[in-house]
Amino acid sequence: MASEYLSKLKDLIKPKLQEKGIKVMVVGSTMKLIKEGETLMNISDKGEIVELSFKGKKYTYDKWYTKPEHLAATITRTIEVQL
């Protein structure tokens, strides 16, 4: 079962990412952004924090301070710039 945080995040980023051919899949407490069978980014809900893995680096966000809307903007901006 996806966390409420990841569910909200998915709803916010899915339309923009689909335009770029990126699939958004939630498996348990992890969301994967996939393009052409390759995982671009993993977002994991780890309770109080959300961990984002992108290009071999890990970034952590405190859920208290980083609402899904803020993280959605960061993710979509990152994907737009990197692809």
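Residues numbered from 1 in each chain as written. Predicted model: local features only at pLDDT ≥ 70, side-chain atom pairs only at ≥ 80, totals over all residues. Heavy atoms only, no water.

Visitor: Just checking my understanding: could you explain the nonpolar core for this structure?
Guide: If you look at soluble globular proteins, the nonpolar side chains tend to sit buried side by side. Ranked by internal contacts, the top residues of the largest apolar core, which has 19 residues, are L9, L33, I43, I75 and I79. Of all the secondary structure elements, the ones that give two or more residues to this core are α1 (4-19), β2 (30-35), β3 (38-45), β4 (49-54) and α2 (68-82). No other element matches the five residues that α1 contributes to this core. Non-local contacts of L9, meaning those with residues more than four positions away in its chain, are made with M31, I43, P68, L71, A72 and I75. (Core = buried A, V, L, I, M, F, W, Y, C linked by side-chain atoms within 4.5 Å. Buried < 20%, exposed > 50% of the residue type's maximum accessible area, 1.4 Å probe, protein only. Helix = DSSP H or I, 4+ residues; strand = E, 2+ residues; numbered from the N terminus. Contact = heavy atoms within 4.5 Å.)

Visitor: I'm lost on the sheet that holds β2 in this one. Help?
Guide: Pairing is antiparallel in the open sheet, where five strands are placed in the order β1-β2-β3-β4-β5. Looking at which strands have only one partner, the edges of the open sheet turn out to be β1 (23-27) and β5 (57-62). Across this sheet, the average inter-strand angle for adjacent strands is 20°, counted without regard to direction. Two strands pair when backbone bridges link them, and β3 and β4 are joined in this way by five bridges, in the antiparallel orientation. Across the sheet, N42 pairs through a bridge with S53, a residue of β4. Contacts from α1 reach β1, β2, β3 and β4 within the one sheet, and its direction differs from that of β2 by about 15°. (Pairing = 2+ DSSP bridges. Axes fitted to C-alpha atoms, helices over the stretch in contact; angles between N-to-C directions.)

Visitor: Would you take a moment to explain the pairing of β2 for this structure?
Guide: Across a regular strand the side chains alternate sides, sitting on one face of the sheet and then on the other. Note: β1 against β2, five bridges, orientation antiparallel. Its bridge partner being in β2, K23 is matched across the sheet by I34. Linking two consecutive strands that pair antiparallel, namely β1 and β2, is a turn of two residues; a positive phi of about 60° is found at G28 within it. Direction of pairing for β2 relative to β3: antiparallel, over a ladder of six bridges. What sits directly across from L33, in β3, is M41. In this structure, the hairpin formed by β2 and β3 is closed by a connection of two residues, where E36 is found at a positive phi of approximately 50°.

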